[in-house]
Amino acid sequence: MQNLVIAATDSTPDVDFNFADRLFSLRGESWPENAAAFYRPLLDALESWTPDGQGQLTVNIALRYFNSSSTKMLFSLFDLFNQLAQDGQTVELNWFYDAEDDVSEEFGQELALDFTELQVQLQAEMPS
């Protein structure tokens, strides 16, 4: 499977889906004019990927800001990772948030409740 790499813009995050290394990252801000159009290639790539064997997948999410339409698409993305976990993959979701941003921290806590198959780790800092 070919990796999916999309450079960040002012309104979209940096995307680095490395299927061979089982490492999936979103970093930056997410408030595209059309969130469904931006996230559809990510969802399609993940839906069409069949992991080779079982092992750990690492998902790193470091979004400084995301709007409500992005939230809906992020939930679709996390649902796909949750399905992979239900199919026997170990999926660690690292949710990076600004320690002063209660809303982002609460969103990460909600992820742990909503996607019970994921190993959600809350990280109170933004990686560089």
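Residues numbered from 1 in each chain as written. Predicted model: local features only at pLDDT ≥ 70, side-chain atom pairs only at ≥ 80, totals over all residues. Heavy atoms only, no water.

**Regarding the pattern of salt bridges**
At step 1: For the coordinates displayed, the defined rule picks out 3 salt bridges.
At step 2: The closest approach of N and O atoms between Asp 44 and Arg 40, which form a salt bridge, is 2.8 Å. Here Asp 44 pairs with Arg 40, and both are found in helix H1 (residues 35-48), just 4 residues apart, close to one helical turn.
At step 3: Take Arg 40: its relative accessible area is 36%, and that puts it in the partly exposed class.
At step 4: In this structure, Glu 47 engages Arg 40 in a salt bridge whose closest nitrogen and oxygen atoms are separated by 3.6 Å.
At step 5: The exposure class of Glu 47 is partly exposed, given its relative accessible area of 48%. (Salt bridge = Lys/Arg side-chain N within 4 Å of Asp/Glu carboxyl O. Helix = DSSP H or I, 4+ residues; strand = E, 2+ residues; numbered from the N terminus. Buried < 20%, exposed > 50% of the residue type's maximum accessible area, 1.4 Å probe, protein only.)

**So, unusual backbone geometry**
At step 1: One non-glycine residue, Arg 22, adopts positive backbone phi at about 60°.
At step 2: Turning to its location among the elements, Arg 22 is positioned in the loop between strand E2 (14-18) and strand E3 (23-30).
At step 3: The class of Arg 22 is buried, set by a relative accessible area of 13%.

**A closer look at the packing of aromatic side chains**
At step 1: Summed over all chains, the structure comprises 14 aromatic pairs.
At step 2: Ring geometry for Phe 19 against Phe 24: centres 5.4 Å apart, planes inclined by 75°, an arrangement best described as edge-to-face. Across the pair, Phe 24 and Phe 19 agree in class, each one buried.
At step 3: Arranged with centres 5.0 Å apart and planes meeting at 85°, the rings of Phe 38 and Tyr 39 form a pair that is edge-to-face. There is no split in this pair, since Phe 38 and Tyr 39 are both buried.
At step 4: An aromatic cluster is present here, built from Phe 66, Phe 75, Phe 78, Trp 95, Phe 107 and Phe 115 joined pairwise through their rings. (Phe/Tyr/Trp six-rings, centres within 6.5 Å; stacked < 30°, edge-to-face > 60°.)

**So, H1**
At step 1: With 14 residues, H1 ought to run about 20 Å at 1.5 Å a step, and its terminal C-alpha atoms sit 20 Å apart, in line with that.
At step 2: Remark: the principal bend of H1, roughly 25°, maps to Pro 41.
At step 3: Listed in full, the buried residues belonging to H1 are Ala 35, Phe 38, Tyr 39, Leu 42, Leu 43, Ala 45 and Leu 46.
At step 4: Contacts from the buried residues of H1 go to strand E1 (4-6), E2, E3 and helix H2 (68-86).
At step 5: Two to three positions downstream of the cap, the backbone nitrogen of Ala 36 sits 3.3 Å from a side-chain oxygen, assigning the N-cap of H1 to Asn 34. (Expected span 1.5 Å × (residues − 1). Bend = angle between axes of the 7 residues up to and from the residue. Contact = heavy atoms within 4.5 Å. Polar contact = N/O pair within 3.5 Å; in protein donor to acceptor, adjacent residues only side chain to side chain.)

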